[in-house]
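# Architecture at a glance
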Amino acid sequence: MDNASMVLAMERAILRTLPVAYLPLWKRDGSASFSSDDGYGHTCTVTGGVTWGTMGRSFDMTDGRVQIGAAADTELQFLTDTTICIWVRMNTKVIGAQYLISKSNIAAQDRFYVATGTNSGWRVYIEHDDSAKLSADNVGTATVGEWYFLTLRFGSGGQKLDVNLVNIASDADTGVLRTGTHVPLYLGLSYNNDSPMGGTIGEVIIYNRYLPDPELAMLYTATKWRYRI
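Parameters at a glance
- Residues numbered from 1 in each chain as written.
- Predicted model: local features only at pLDDT ≥ 70, side-chain atom pairs only at ≥ 80, totals over all residues.
- Heavy atoms only, no water.
- Helix = DSSP H or I, 4+ residues; strand = E, 2+ residues; numbered from the N terminus.
- Rg over C-alpha atoms; globule rule 2.2 N^0.38 Å.
- Buried < 20%, exposed > 50% of the residue type's maximum accessible area, 1.4 Å probe, protein only.
- Contact = heavy atoms within 4.5 Å.
- Areas by Shrake-Rupley, 256 points an atom, 1.4 Å probe, with all protein chains shown as cover.
- Arc of directions from axis to C-beta.
- Pairing = 2+ DSSP bridges.
- Axes fitted to C-alpha atoms, helices over the stretch in contact; angles between N-to-C directions.
- Phe/Tyr/Trp six-rings, centres within 6.5 Å; stacked < 30°, edge-to-face > 60°.

For the rest of this paragraph, the subject is the overall build of the protein chain. Of the regular secondary structure elements, the protein chain holds two helices and 16 strands. Against the globule reference of 17 Å for 229 residues, the protein chain gives a C-alpha radius of gyration of 16 Å, in line with a compact fold. Its C-alpha atoms give the protein chain principal-axis dimensions of roughly 50 × 35 × 30 Å. The burial tally for the protein chain puts 55% of its 229 residues in the buried class. Of all intrachain contacts in the protein chain linking residues separated by at least 6 positions in sequence, the fraction that spans at least 24 positions is 61%. For the protein chain, the accessible surface area stands at approximately 8,900 Å², while carbon and sulfur atoms represent 51% of it.

Below, the structure is given as C-alpha cells:
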C-alpha cells in the first residue's frame, strides 16, 4: 500500500470512531487558522512560535500555541468521559514543565494538563472538586527526538496516562470537569499562557467517551506508520 492509500485508510479508520476533535496537524500548511477534520469543524487558531512541517506543527519553546475551538464548545469542556490521544516528539532537552495540552475551568477550579516532567519523563495533572486527583511527575520516558503516542483518559474507567499503550500513571477517581468559566483548550502552552513546549505535535484525537484498551490499540496501529515506530 502506498502512502496516499495508507493516509486515506488511516483517516477513515479514525473518523469511524466518531471523535469530537480530530487534528491531523501534518496535513495542514502554515495557515494561522484552520478547521478540525471531524463532524464539528472546530476553528483552530495558531499564535506565536509555531511552524508547520510534514510531520506536524513544531513549537519553539517561546510563545507558540494552538487554540482548539472556543471556550463555549461544550464537547471540548470535558464534562463527560474523556479520551485524548496525541502523537508528540520533544525537540529540546526535557527538563521542567513543557505543556503539550491543557484546559482549565477557572470558576470551578477544575483543570488538566499533560507536560514534560522535571527530569526526563512526563507530567500529568487532573483536578476536579477543587482538589488534585491524578498528579504524577517524571513518569515514563520522554527522550528527545523520539515519537510517542500519549493517551489521557478520565471518567468512568478512572484516570490514566498511557505512553505507547503502556500505563505510566493512574488513579481510581472517576470524576470529570465541572461547568464554569472555561478557558479554551490549548496545545503548546499552559492555560495560563506559560511553560511553552519545544517539540512537534503530529496529530490530536479527542473523544467524549472512555476508549477501551483495544480501541486505543487500533488507533495506535492505524497511525504509527507515519511516525516510524
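Mapped onto the elements of the fold, Val183 is located in strand 15 (residues 182-187). Once the C-alpha coordinates of Val183 and Phe59 are considered, the two residues, 124 residues apart in sequence, prove to be 20 Å apart. Not counting the four nearest positions on each side in its chain, Val183 is found in contact with Ala71, Lys103, Ser104, Ile106 and Tyr191.

The next subject is helix 2 (residues 213-223). Within the span of helix 2, buried status applies to Glu215, Leu216, Leu219, Tyr220, Ala222 and Thr223. Buried residues of helix 2, seen end-on, are gathered within an arc of 165 degrees and therefore sit on one face of the element. Pointing more than 90 degrees away from the buried face of helix 2 are the exposed residues Pro214 and Thr221.

Before going further, it helps to examine the sheet that holds strand 11 (residues 131-139). The pairing of strands in a sheet comes from backbone hydrogen bonds and takes either a parallel or an antiparallel form. Taken together, the eight strands give an open sheet; going across it, the order is 2-3-6-15-8-9-10-11, and neighbouring strands pair in antiparallel fashion. The open sheet terminates on both sides in strands that have one partner only, identified here as strand 2 (33-35) and strand 11. Looking at each pair of strands side by side, their axes are set apart by 15 degrees on average, direction ignored. As judged from the three bridges shared by strand 6 (residues 65-68) and strand 15, these two strands associate in the antiparallel manner. Across the sheet, the residue bridging to Gln67 is Tyr186, located in strand 15.

Applying the stated criterion to the full structure yields twelve aromatic pairs. Between Phe78 and Phe112, the ring centres sit 5.1 Å apart and the planes meet at 90 degrees, which makes this aromatic pair edge-to-face. Of this pair, Phe78 sits in the loop between strand 6 and strand 7 (82-90) while Phe112 sits in strand 9 (residues 110-116), and the two are 34 residues apart along the sequence. This pair shows no difference in class: Phe78 is buried, exactly as Phe112 is. Relative to Tyr220, the ring of Trp87 lies with its centre 5.8 Å away and its plane at 10 degrees, an arrangement referred to as stacked. A residue pair is termed long-range when its members are at least 10 positions apart, and Trp87 in strand 7 and Tyr220 in helix 2 qualify at 133 residues. On the accessibility criterion, Tyr220 (11% relative accessible area) is buried.

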